[in-house]
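For reference, the chains in residue letters:
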Amino acid sequence: MLTIQEIYKEGIKKLEGAGIIDAALDAWYLLEHVTGISKAAYYGCPGREICGEDKERYFYYIEERRKRIPLQHLTGVQEFMGLPFLVNAHVLIPRQDTEVLVETAMKRIRPGMRILDMCTGSGCILLSLLKLCKAGQVTGIGADISGEALDVARENAVRLGISAEFVQGDLFERIASGTQFDLIVSNPPYIPTGVIDSLQEEVRLHDPRIALDGKEDGLFFYRRITEESTSYLKRNGWLLLEIGCEQAVAVCRLMEAAGYDNIMVKKDLAGLDRVVMGMYNGE
């Protein structure tokens, strides 16, 4: 019989040997996922023996992670804004950078507002906004072209106890004509097609390409969203877009051309441009 400490150390060694950057962290999360043990319990009794079944499961997951399968696809969960979101191969894994979009949107939300989350994926942006507001204060719709992604979003809504509507369509295709929102948020695909093959394996091989590919220059969806969003925003409504760190100038120009005022850029914790926002003047 091996101890918890022994298999943890062996897990780290195997992941380091495969070049996994956060080997110790990933090895721990997989150990926690398999055994349910907390860090306090681990450090309190590192010599505790582990049963054969748990050992086999743990090393199975370690081998899968060595193949560059994302940790979140193995555990099935990613924390975002302090909430546990189900994820799988049909949705983009929520990133910490995207929390900047949620935090920025929260500063604009007022009771009674209606929100549209375009390219909702797992629903992490919309559901976080609705969860962070007092119950019933705001309502929202999440839209995505992927039916499989929307299945994940709906399941997340159920698990988090949040009421939200989800519709399938190509951007605004299934948003009823005349529907008006106070706030539109989006983290659209923005990676230029030619760049995708240079991304790390966990991203290019396992994140859905449809959630990454921003076409030739990465701006395809920004053009469409800024142009089409004006038909669905109330006067003085806000559009907030997550961007790649080198896209701020281009997206600001698109917003300005579409009739947005008060255009601003928000940076992430690394000091990189991360969100472009603007207010629609209704003209």
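Keep in mind that this is a model prediction, so the values were computed, not measured.

## Here we look at helix H7 (residues 124–132)
Counting buried residues along H7, seven of its nine residues qualify, which places the element largely inside the surrounding structure. Cys124, Ile125, Leu126, Leu127, Ser128, Leu129 and Leu130 are the residues of H7 that are buried.

## A closer look at the packing of helix H2 (residues 23–35) against helix H4 (residues 52–66)
Between H2 and H4, the shortest axis-to-axis distance is 9 Å and the interhelical angle comes to 145 degrees. Considering the relative orientation of H2 and H4, their crossing is right-handed. Of the residues in H4, those touching H2 at Asp26, Ala27, Leu30, Leu31, His33, Val34 and Thr35 are Asp54, Arg57, Tyr58, Tyr61, Ile62 and Arg65. For the contact of H2 with H4, the per-class residue count stands at seven nonpolar, two polar and four charged.

## Some points on helix H10 (residues 220–229)
Listing the buried residues of H10 in full gives Phe221, Tyr222, Ile225, Thr226 and Ser229. With its buried residues spanning 125 degrees around the axis, H10 presents them on a single face. Buried residues belonging to H10 abut strand S3 (114–118), strand S6 (181–186), strand S7 (233–242), helix H11 (248–258) and strand S8 (260–267).

## Here we look at the pairing of S3
The element S3 is extensively covered by neighbouring structure, given that four of its five residues are classed as buried. In this sheet, strand S4 (residues 139–144) lies alongside S3 in parallel orientation, the contact comprising five bridges. When the sheet's bridge partners are listed, Met118 is paired in S4 with Ala143. Relative to S6, S3 runs parallel, the two being bridged by four bridges.

Thresholds applied
- Along each chain, residues carry numbers from 1 onward, in the same order as the chain's sequence is written.
- Under the rules for a predicted model, residues below a pLDDT of 70 receive no local features and side-chain atom pairs below 80 are neither given nor counted, while totals for whole chains, interfaces and linings still include all residues.
- As a convention, hydrogens and water are excluded, and side-chain values are obtained from all of the structure's heavy atoms.
- A simple rule labels every residue: compare its accessible area, found with a 1.4 Å probe on the protein chains alone, to the largest value its type can have, and call it buried under 20%, exposed over 50%, or partly exposed in between.
- For helices the rule is a DSSP run of H or I covering at least 4 residues; for strands it is a run of E covering at least 2, with both sets numbered from the N terminus onward.
- Whenever a helix is involved, its axis is fitted only over the stretch in contact; in every case the axis is a line through C-alpha atoms, and angles between N-to-C directions fall within 0 to 180 degrees.
- The crossing is said to be left-handed when, going from far helix to near helix, the turn is anticlockwise and less than a right angle, and right-handed when the turn is clockwise.
- The contact rule is simple, with two residues in contact once any of their heavy atoms fall within 4.5 Å.
- Amino acid classes used here: Ala, Val, Leu, Ile, Met, Phe, Trp, Tyr, Cys and Pro are nonpolar; Asp, Glu, Lys and Arg are charged; the rest, including Gly, are polar.
- The directions from the helix axis to the C-beta atoms are what the arc is built from.
- DSSP calls a pair of strands paired once it identifies at least 2 bridges connecting them.

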